[in-house]
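Here's the letter readout for the chains.
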Amino acid sequence: MALSNEMRRLTQHFLEAYDDRMAAVANIRTATTQELAEFDAAHEAMAAELRARLDEQESTRWLQAAEDARERAEYAEGVRSDAAGLLKGFDAAHQAMAAELRADLDEQESGRLARAVEDARERAGYVEGVRSDTAALLKELDAAHQEMATELRGRLEEQELIRLAQAAQDARGRAQYVEGVRSDTATLLKGFGAAQQEMATELRARLEEQESARLAQAADDARARAEYVDGLCSDTGAFLKQLDAAHQAMARDLRQRLGQEQADLREARRVWSSFSTLMEQRRAGKPAAPPPPSPPPVEEVPPGPPAAAPPEVVEEVTPDDLTAIRGIGSGMQQRLNDAGIYTFAQLARTRPSELREMLGDAARLARVEEWIEQASQLGGLG
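Residues numbered from 1 in each chain as written. Predicted model: local features only at pLDDT ≥ 70, side-chain atom pairs only at ≥ 80, totals over all residues. Heavy atoms only, no water.

Chemist: Please provide a residue-by-residue account of the overall build of the chain, values included.
Modeler: Tallying secondary structure elements over the chain gives seven helices and zero strands in all. Put simply, the chain runs from its N terminus to its C terminus through helices and strands in the order α-α-α-α-α-α-α. Counting across all 382 residues of the chain, residues that qualify as buried make up 19%. Residue pairs in contact within the chain that sit at least 24 positions apart in sequence constitute 65% of those at least 6 positions apart. Of the accessible surface of the chain, which amounts to about 27600 Å², a share of 55% is contributed by carbon and sulfur atoms. (Helix = DSSP H or I, 4+ residues; strand = E, 2+ residues; numbered from the N terminus. Buried < 20%, exposed > 50% of the residue type's maximum accessible area, 1.4 Å probe, protein only. Contact = heavy atoms within 4.5 Å. Areas by Shrake-Rupley, 256 points an atom, 1.4 Å probe, with all protein chains shown as cover.)

Chemist: So what about the nonpolar core? Which residues, and what values?
Modeler: Counting 17 residues, the largest nonpolar core has Ile325, Ile328, Leu336, Leu347, Leu355, Leu359 and Trp371 as the members making the most contacts within it. Among the secondary structure elements, those contributing two or more residues to this core are helix H4 (330-338), helix H5 (344-348), helix H6 (352-359) and helix H7 (368-378). The greatest single-element share of this core, amounting to four residues, is contributed by H7. (Core = buried A, V, L, I, M, F, W, Y, C linked by side-chain atoms within 4.5 Å.)

Chemist: Can you tell me about the packing of H6 against H7, naming the residues and giving the values?
Modeler: Between H6 and H7, whose axes approach to 9 Å, the crossing angle comes to 115°. In terms of their interaxial angle, H6 and H7 are classed as roughly perpendicular. H6 and H7 meet at a crossing whose hand is right-handed. Of the residues in H7, those touching H6 at Pro352, Leu355, Arg356 and Leu359 are Val368, Glu369, Trp371 and Ile372. A breakdown of the residues in the contact of H6 with H7 according to their chemical character gives six nonpolar, no polar and two charged. (Axes fitted to C-alpha atoms, helices over the stretch in contact; angles between N-to-C directions. Parallel < 35°, antiparallel > 145°, perpendicular 65-115°, else oblique. Left-handed = near helix turned anticlockwise from the far one by under 90°. Nonpolar A, V, L, I, M, F, W, Y, C, P; charged D, E, K, R; others polar.)

Chemist: Tell me about the packing of aromatic side chains, residues and numbers included.
Modeler: Counted according to the given criterion, the structure contains one aromatic pair. Aromatic side chains Phe39 and Tyr75 sit 5.3 Å apart centroid to centroid with 65° between the ring planes, which places their arrangement in the edge-to-face category. Placement of Phe39 in helix H1 (residues 2-56) and of Tyr75 in helix H2 (residues 59-209) is noted, with a sequence separation of 36 residues between them. Note on Phe39: relative accessible area 24%, which makes it partly exposed. On the basis of relative accessibility, which here comes to 47%, the residue Tyr75 falls in the partly exposed class. (Phe/Tyr/Trp six-rings, centres within 6.5 Å; stacked < 30°, edge-to-face > 60°.)

Chemist: Explain the pattern of salt bridges residue by residue, including any values.
Modeler: For the structure shown, the criterion picks out nine salt bridges. Put simply, Arg53 and Glu49 hold a salt bridge, and the shortest N to O gap is 2.4 Å. Note that Arg53 and Glu49 are positioned in helix H1 at a spacing of four residues, about one turn of the helix. Here Arg121 and Glu118 are joined by a salt bridge, their closest N and O atoms 3.5 Å apart. Here the residue Arg121 and the residue Glu118 both occupy positions in helix H2, the gap between them amounting to three residues, near one helical turn. Classification of Arg121 as exposed rests on a relative accessible area of 54%. For Glu118, a relative accessible area of 39% gives the class partly exposed. Because the salt bridges share partners, they merge into one network encompassing Asp40, Glu77 and Arg80. (Salt bridge = Lys/Arg side-chain N within 4 Å of Asp/Glu carboxyl O.)

Chemist: Give me the lowdown on the side chain of Thr32, citing residues and values where you can.
Modeler: By secondary structure assignment, the location of Thr32 is in helix H1. Note on Thr32: relative accessible area 15%, which makes it buried. At 2.7 Å, the side chain of Thr32 and the backbone oxygen of Ile28 are in polar contact. (Polar contact = N/O pair within 3.5 Å; in protein donor to acceptor, adjacent residues only side chain to side chain.)

Chemist: Give me the lowdown on H4, citing residues and values where you can.
Modeler: Residues Met332, Gln333, Leu336 and Asn337 constitute the buried set of H4. Buried residues of H4, seen end-on, are gathered within an arc of 145° and therefore sit on one face of the element. Once H4 finishes, Gly340 follows within two positions and takes phi at roughly 95°, a positive value. (Arc of directions from axis to C-beta.)

Chemist: Can you lay out the environment of Arg53 for me, pointing to particular residues and giving the numbers?
Modeler: With a relative accessible area of 37%, Arg53 lands in the partly exposed category. Within the structure, Arg53 has its side chain in polar contact with the side chain of Glu49 (distance 2.4 Å).

Chemist: Outline the side chain of Thr343, supporting the account with residue identities and numerical values.
Modeler: Take Thr343: it is sitting in the loop between H4 and H5. Overall, the relative accessible area of 10% leaves Thr343 in the buried class. From its side chain, Thr343 meets the backbone nitrogen of Gln346 in a polar contact 3.2 Å long. Apart from the residues within four sequence positions on either side, Thr343 is in contact with Val317, Thr318, Pro319, Asp320 and Leu322.

What follows is the structure, encoded as C-alpha cells:
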C-alpha cells in the first residue's frame, strides 16, 4: 500500500513537471512568435524607411541600409534557428525524461511483481507446511485413537473374562457348599435313623426283661425321642429349604450382578462409540452431536450392621406360626422371637432395614421384603 502511494505521488510529480515544461515551451513559442512578428514589422518598417530614404539619399546610404536589413534578417534567422534548437532540446529532454520515468516505473513494477511472486511462493510454502503438519498430526491422532481403542477393548474383554470366571467360581463354591450341607444332613439323618433302630431294639429287650411300669416309662421315653427325632427331621427339612432358598437368592443376585456388569460394559462401549463418532465429526469439520444420556446408577443396599440386642416384650401377645411365611423355618422363627417378633402384625410393622439389623448375618440372603408383605396379608393388614 505504501509503495503504491509513493508511485502515485512520483507519477503525479512527473506529470506536474511535464505540464510545467510544456507551459514554458508554449510561452517560449508565443514569445518567439511575437518577437518574430515584431522583427517582421520592424523589418517592414525599416524596408519602407529604407525605400523612402533610397528615394531621397544616395546610393551608398541605400546600400548601407540594405546591408543593415540583411544583418537584421540574418539576426532574425539566427533567432528562429536558436528557438527551433531550443524547442528541439526541450522535446529531447522531455522524451528522455518520459523514457526515464517509464524505465523507473517498469523497474519498480517488476520489483514489486518479483517481491509479490516471492511472497506468494513463501505463503504457498508456509501453507504447504501447515497442511503437512496438520496431516501428520491427524495421522498421529488417528493412530493414538486406534491404539487406545485396541487397548480399551483388550482391557474390557480381560475384565469381562475375569468377572465371568470369578462369578462361575463363586457359583461352583456355593453349589459345593450346598451339596456338602445336603450330604452332611443326609448322613446325620441316617445316623439318627440307625440310632433310633438301635434304641428301639434295646427297648424291646428291656421290655422283655423289666416290669410293666418300667416298660411304660421306656415307651414314653421312646415316644419322646421319636418326637424329638421328628422335630429334628422337620427342622432339618426347613433348614434345607432355607438353604435352597438362600442358594436361589444368591443365584438371582449373581445373575443380577452379571446383568449389571454386562450393562456397564454396554454403557462403556456406547460411550466409546459416541467418543469415536465425536472425533470423526471433528476431523470432518462437522458440529459435534451431544452424547446420549447415561442410565441412572444402580444403588446397592449396603450390608447391615451386627445384630442389636433384642427388644424387651412389653405386653402379652399370642404368638403366630411365623413358619407359614415362605422362607421362614423354625430356626428363623426362633431368631425372630428372640428379636421380639411373635406375630404377623409385629413383622408387618417392621421396616426391612430394622429387620435386617435385628437378624444380623442371618438375614444377609433373606428376602425380608417378601416376609413383611406376606405377614401383612396373613395378619389382615394388607
